[in-house]
Amino acid sequence: MKPQTSPKERILKTADRLFYEQGYLATGINQIIADARVAKASFYQHFPSKEDLLMAYIAAHNAELFGELYRVIKPHDKAKAKVIALFDYLMVFTEQTEFRGCAFVNLTAEFPEPDSQPRQRIAQFKTDLRDFIEQLIQTMKPVDPVSKETAKMPTKLLSDTIFLLFEAAMVESRIHHKLWPIEASRSAVQQLLR
């Protein structure tokens, strides 16, 4: 028997789906309440406003994504294989989400002010992802063999390049509705790390 989810979990799960599929601004609280099958009072007990729900959604989505990334890299011993696994994951994720792209990149389009709280939280997530990739590269440098060109490249520049290839691949795959941008980025990373 499947365990029951709490109203708060249902609201967050529903918001995750609706914000991703139709956008934050186009999603109303009444739709979330109806789709989550919760009472209005229950919604406001957990989230006093739609903005509070948005911030909780960003935090939950962030935690879920990093959980996925750690799960994807765990089976690999070498850092190089872990980095390549991120691009393999990106291909699977992109197909599963029907090329909808990064939820956070999509969300930033709805918050044009760079000082807005959602934009700041999303920027922090992207910084965390950038740091995550840098940590993988730092563990690779002394352990995995690298080309002479890559060995001369500062770790920060190499990790930033890989981060940008990851992000660009996601955006371009959404635009073209094809996997080739991810495949091309994956190949470029393989060349950088050979």
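Coordinates for the structure precede this section.
Residues numbered from 1 in each chain as written. Predicted model: local features only at pLDDT ≥ 70, side-chain atom pairs only at ≥ 80, totals over all residues. Heavy atoms only, no water.

### Topic: the pattern of salt bridges
Within this structure, the stated rule accounts for eight salt bridges. Between D35 and R17 there is a salt bridge; the shortest N-O distance is 3.1 Å. Taken together, the residues D35 in helix α2 (residues 29–36) and R17 in helix α1 (residues 7–22) connect sequence positions 18 residues apart. On the basis of relative accessible area, D35 is assigned to the partly exposed category, the value being 32%. On the accessibility criterion, R17 (37% relative accessible area) is partly exposed. Linking E68 and R71 is a salt bridge whose minimum nitrogen-to-oxygen distance equals 2.9 Å. Remark: R71 and E68 occur in helix α4 (residues 50–73); sequence separation between them is three residues, near one turn of the helix. If you follow the salt bridges from partner to partner, you end up with R130, E134, K156 and D160 in one network. (Salt bridge = Lys/Arg side-chain N within 4 Å of Asp/Glu carboxyl O. Helix = DSSP H or I, 4+ residues; strand = E, 2+ residues; numbered from the N terminus. Buried < 20%, exposed > 50% of the residue type's maximum accessible area, 1.4 Å probe, protein only.)

### Considering the nonpolar core
Core analysis: the largest hydrophobic core is formed by 59 residues, its most contacted members being L53, L54, L86, F132 and I162. Of all the secondary-structure elements, those providing two or more residues to this core are α1, α2, α4, α5 (79–96), α6 (103–108), α7 (117–140), α9 (155–176) and α10 (180–193). Discounting residues that sit within four places of it in the chain, I162 has contacts with V83, F87, I133, I137, V189, L192 and L193. (Core = buried A, V, L, I, M, F, W, Y, C linked by side-chain atoms within 4.5 Å. Contact = heavy atoms within 4.5 Å.)

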